[in-house]
There are 2 protein chains.
Amino acid sequence: MLNTEGLNVAVVGVTGAVGTRMLEMLEGSPLPVKKLLPLASKRSAGKKVVFGGKEWIIAEAKPESFKNIDIALFSAGGSVSKELAPEAAERGAVVIDNTSAFRMDKDVPLVVPEVNEEALHGHHGIIANPNCSTIQMVAALEPIRQAYGLNRIIVSTYQAVGGAGAKAMAELERQTRDVLEGKQPEAAILPVKGDKKHYQMAFNSIPQIDMFQPNDYTFEEMKMINETKKIMDDRQLKVSATCVRVPVPISHGESVYIEINKNNVESSDIKALLSDAPGIVLQDDPAHQIYPMQMNAVGKKEVFVGRIRKDPDVENGFHMWIVSDNLLKGAAWNSVQIAESLLKLGLIEA
Amino acid sequence: MLNTEGLNVAVVGVTGAVGTRMLEMLEGSPLPVKKLLPLASKRSAGKKVVFGGKEWIIAEAKPESFKNIDIALFSAGGSVSKELAPEAAERGAVVIDNTSAFRMDKDVPLVVPEVNEEALHGHHGIIANPNCSTIQMVAALEPIRQAYGLNRIIVSTYQAVGGAGAKAMAELERQTRDVLEGKQPEAAILPVKGDKKHYQMAFNSIPQIDMFQPNDYTFEEMKMINETKKIMDDRQLKVSATCVRVPVPISHGESVYIEINKNNVESSDIKALLSDAPGIVLQDDPAHQIYPMQMNAVGKKEVFVGRIRKDPDVENGFHMWIVSDNLLKGAAWNSVQIAESLLKLGLIEA
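Residues numbered from 1 in each chain as written. Chains lettered and ligands numbered in written order. Predicted model: local features only at pLDDT ≥ 70, side-chain atom pairs only at ≥ 80, totals over all residues. Heavy atoms only, no water.

1. So, the packing of aromatic side chains
Then step 1. Within the structure shown, the criterion is met by nine aromatic pairs over all chains.
Then step 2. Consider the rings of Y199 of chain A and Y291 of chain B, whose centres lie 5.7 Å apart with planes at 75 degrees: the pair is edge-to-face. One end of the pair, Y199 of chain A, is in the loop between α5 (166–180) and α6 (219–231); the other, Y291 of chain B, is in the loop between β12 (280–282) and α8 (294–297), on a second chain.
Then step 3. Given a relative accessible area of 4%, Y291 of chain B falls into the buried group.
Then step 4. In textbook terms, an aromatic cluster arises when at least three aromatic residues are bridged by ring pairs, as seen for Y158 and W321 of chain A together with Y158 and W321 of chain B.
Then step 5. Residue placement shows K301 of chain A over the ring face of W333 of chain A; its charged tip is 4.2 Å from the ring centre. (Phe/Tyr/Trp six-rings, centres within 6.5 Å; stacked < 30°, edge-to-face > 60°. Helix = DSSP H or I, 4+ residues; strand = E, 2+ residues; numbered from the N terminus. Buried < 20%, exposed > 50% of the residue type's maximum accessible area, 1.4 Å probe, protein only. Lys NZ or Arg CZ within 6 Å of the ring centre and 35° of its normal.)

So this is what it looks like as structure tokens:
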């Protein structure tokens with residue numbers, strides 16, 4: 001459903017940690033939003049959100065909500081996307097889905113605009129936004145891959161609690177207060193709301209994000225492995241991951257080790273590449289203690305890269321430390337950025 | 001200076017985070033301590049410590065303190081060790097030094113008893129206790145190295161604030177309270193007391209531990225690289241490290257990736273090895289969400305290992321997650337364990 005005087009945009013899950021940021025990112029975007037349709041569960045229907053200086057009433061997300069919608073941004077959980085994204089696409093909306101529901105479907109482009117914007121041409125109504133920890137990593141590695149080729153990635157994550165939602169962030173704060181007051185903290189959400197056991201996150205790290213898979217990797221780890229190969233369109237790329245949650249509210253950190261396909265490359269070459277790359281901010285000046293930190297990335301759209309070093313023992317091996325706001329570039333911003341790319345490529349018309 | 005009815009043991013830096021734990025570990029040890037000599041800076045002289053049901057008066061550490069001392073445990077910083085450890089050794093004491101002052105000296109054994117206890121035979125009065133993050137890693141990897149050979153280690157650490165001392169732990173707590181109360185937290189110690197800039201540790205990770213070196217690695221990272229090769233006595237072993245501080249008071253976590261020298265090894269083989277290894281506790285049952293966590297390792301002497309997985313793309317590559325109390329196995333306990341080994345090997349006499 002094309003409109004001549006702007007876009008009708010639906011945001012599904014508009015009250016969540018990512019949904020609220022989707023509105024913020026839309027506000028700051030040159031996308032010509034004519035009408036906003038804020039959607040959520042029945043519980044939130046009737047409440048209002050402010051967007052573009054106007055109040056908009058939240059409606060319950062239903063199949064018929066998507067009539068006359070040009071773009072539907074989904075971030076209300078996998079089951080909502082599975083049910084409603086096909087309904088939205090069928091009604092002519094282009095869906096940009098922030099859940100893992102369709103990411104590995106052959107017919108669904110999995111897009112980080114800095115890496116594979118052109119994959120958008122192959123969409124059939126649904127486009128998937130990758131996993132937060134994957135997005136910031138591939139955005140930082142793509143310039144290196146283009147220049148030197150990439151053979152291998154080994155990543156250890158330092159992921160923020162915000163990836164598990166607003167209630168998980170509140171749990172971290174509550175637990176932290178309890179520990180400081182000498183009380184026994186209660187754990188009801190982290191590491192994974194739907195899993196059997198819950199552990200204290202305050203003053204602790206938890207090496208489990210999402211559910212365990214039959215191969216003993218977590219689903220989060222498998223997302224990083226499989227999505228990276230799909231986004232970079234390289235089935236031969238070796239990727240392995242360990243995902244750990246740390247007691248930080250927002251922004252993921254990643255210790256990333258890569259092997260490139262070219263010898264005689266120095267860390268200064270990689271720094272030069274990244275200092276000029278789209279969406280990347282190089283923060284790498286050890287002499288002045290300049291490196292990315294999670295607390296500094298909050299609220300920023302960019303991916304911050306630093307601590308770039310050559311492996312002293314392996315000619316083509318490099319370390320780096322990659323940080324980004326997991327709710328923005330890892331979710332809301334990347335989704336809005338995809339919408340901007342659709343417009344730019346002529347795949348939607350305003 | 002040998003004694004016939006027990007050992008005279010000096011503890012230098014007895015009031016610090018590690019020193020207090022050295023006393024605890026000595027209490028629990030079968031070492032026959034006849035006389036304790038608690039030493040510290042002038043500031044603490046005259047204060048008392050309780051050990052073996054008796055009070056002992058802290059004296060100022062001086063060269064002549066070490067007359068008639070059999071074992072001197074040092075943990076009062078590198079400059080104190082550099083000045084006083086040779087004085088103690090000259091007076092006949094066997095020094096077990098927890099600082100980095102002598103670790104890479106050719107004449108100084110660098111010992112983790114589970115790995116290279118026999119290196120103690122080569123001591124010349126000073127024995128070095130390795131860096132905390134190195135100890136727990138090599139203790140966990142040694143059984144694997146012995147069984148299959150080890151080609152490569154890539155480690156990313158999640159290190160506790162306690163490694164920077166008791167004042168750093170207090171800073172984390174103070175900053176955390178300030179953030180929760182909406183105040184601007186002050187940073188005066190972390191990441192490195194002696195470096196120029198200080199950053200907020202509360203609700204943040206800092207990818208700097210110890211000072212930066214000319215090659216852009218931190219000294220902590222270079223310690224892990226060089227000490228691992230020395231302890232395992234393998235200059236060909238490839239080791240690379242990224243060291244990150246997380247807002248956790250005590251116990252280091254480590255995401256360790258290894259490549260072994262043998263094919264067709266399964267993660268079940270490695271789990272079987274480690275379930276039976278000295279000083280190691282295997283905590284690896286994903287179906288029941290069993291894995292090591294920092295908060296559970298506090299106060300324990302063992303090294304906890306879990307999340308053991310084979311790299312899906314690399315035949316001989318494996319991940320694991322290693323956690324231990326950095327103040328115990330990483331410092332106080334390993335030092336006392338070295339003293340026990342000296343006695344067992346007949347290198348000191350009680």
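2. Description of the sheet that holds strand β6 (residues 71–74) of chain A
Residue and element names in this part refer to chain A.
Then step 1. Taken together, six strands build an open sheet; the order of strands is β5-β2-β1-β6-β7-β8 and the sheet is parallel. Of all strands in the sheet, those bounded by a partner on one side alone are β5 (59–60) and β8 (126–128).
Then step 2. With three bridges connecting them, strand β7 (residues 94–97) and β8 associate as parallel partners. Following the sheet pairing, V95 is matched in β8 by I126.
Then step 3. Helix α2 (residues 78–90) rests against β1 (7–12), β6, β7 and β8 of the sheet, and its axis sits at about 175 degrees to β6.
Then step 4. Here helix α9 (residues 328–344) sits on the sheet in contact with β6, β7 and β8, set at roughly 150 degrees to β7. (Pairing = 2+ DSSP bridges. Contact = heavy atoms within 4.5 Å. Axes fitted to C-alpha atoms, helices over the stretch in contact; angles between N-to-C directions.)

3. With respect to the relation of the copies chain A and chain B
Then step 1. With an RMSD of 0.0 Å, the operation that places chain A on chain B is a rotation of 180 degrees combined with a shift of 0.0 Å along the axis. Seen this way, the second copy is the image of the first under a two-fold rotation axis.
Then step 2. A share of 100% of the interface residues of chain A reappears at the interface of chain B, consistent with the copies meeting face to face through the same patch. (Least-squares fit on C-alpha atoms with pLDDT ≥ 70 in both.)

4. A closer look at empty space enclosed by the protein
Then step 1. Within the structure shown, the criterion is met by two cavities of 30 Å³ or more.
Then step 2. Empty space within the largest cavity amounts to approximately 60 Å³.
Then step 3. Surrounding the largest cavity, I154, V155, S156, S255 and Y257 of chain A together with I154, S156, S255, V256, Y257 and H319 of chain B form its lining.
Then step 4. Elements supplying a minimum of two residues to the lining of the largest cavity: β9 (150–159) and β11 (252–260) of chain A together with β9 (150–159) and β11 (252–260) of chain B.
Then step 5. Considered class by class, the residues forming the lining of the largest cavity number six nonpolar, five polar and no charged.
Then step 6. One number sums up the size of the second largest cavity: a volume of about 50 Å³. (1 Å grid on protein atoms, 1.4 Å probe; cavity = no way out; pocket = protein on both sides within 12 Å on 5 of 7 lines; lining within 4 Å. Points joined across faces, edges and corners; volume = space filled by probe spheres on them. Nonpolar A, V, L, I, M, F, W, Y, C, P; charged D, E, K, R; others polar.)

5. Side note on the interface of chain A and chain B
Then step 1. The interface of chain A with chain B comprises 66 residues on the first partner and 66 residues on the second.
Then step 2. Summed over both sides, the interface between chain A and chain B buries roughly 5,600 Å², with carbon and sulfur atoms accounting for 55% of that surface.
Then step 3. Broken down residue by residue, the surface that chain A buries against chain B is led by L180, F203 and Q289 of chain A, which jointly contribute 12%.
Then step 4. Salt-bridge contacts for D313 of chain A lead to K229 of chain B; the nearest nitrogen and oxygen are separated by 2.7 Å.
Then step 5. One can count 54 residue pairs in polar contact (both at pLDDT 80 or more) joining chain A with chain B.
Then step 6. Of all the elements in the fold, those that place two or more residues in the side of chain A that touches chain B are β9, α5, α6, β10 (238–245), β11, α8 (294–297), β13 (303–310) and β14 (317–324) of chain A.
Then step 7. Counting residues per element, the side of chain A that touches chain B draws most heavily on β10 of chain A, at seven residues.
Then step 8. Partitioning the side of chain A that touches chain B into residue classes produces 33 nonpolar, 16 polar and 17 charged. (Buried area = accessible area lost by both parts, 1.4 Å probe. Salt bridge = Lys/Arg side-chain N within 4 Å of Asp/Glu carboxyl O. Polar contact = N/O pair within 3.5 Å; in protein donor to acceptor, adjacent residues only side chain to side chain.)

6. Details of unusual backbone geometry
Residue and element names in this part refer to chain A.
Then step 1. Residue L190 is joined to P191 through a cis peptide bond whose omega torsion reads 5 degrees.
Then step 2. Counting through the fold element by element, P191 comes out in the loop between α5 and α6.
Then step 3. At D210, a position not held by glycine, the phi torsion is positive, near 70 degrees.
Then step 4. Within the secondary structure, D210 is located in the loop between α5 and α6.
Then step 5. The partly exposed category is assigned to D210, whose relative accessible area is 22%.

7. A few points about the UniProt feature "binding site: phosphate" (unreviewed entry) in chain A
Residues and elements named next belong to chain A.
Then step 1. If you check UniProt for "binding site: phosphate" (unreviewed entry), the listed places come out as R103 in our numbering.
Then step 2. With respect to the helices, strands and loops of the structure, R103 is situated in the loop between β7 and α3 (113–116).
Then step 3. Owing to a relative accessible area of 5%, R103 belongs among the buried residues under this scheme.
Then step 4. Not counting residues within four places of it along the chain, the set of residues in contact with R103 comprises N98, V108, L110, A128, N129, P130, N131, K223, E227 and K230. (UniProt positions renumbered as here; feature names shortened; annotations may be inferred.)

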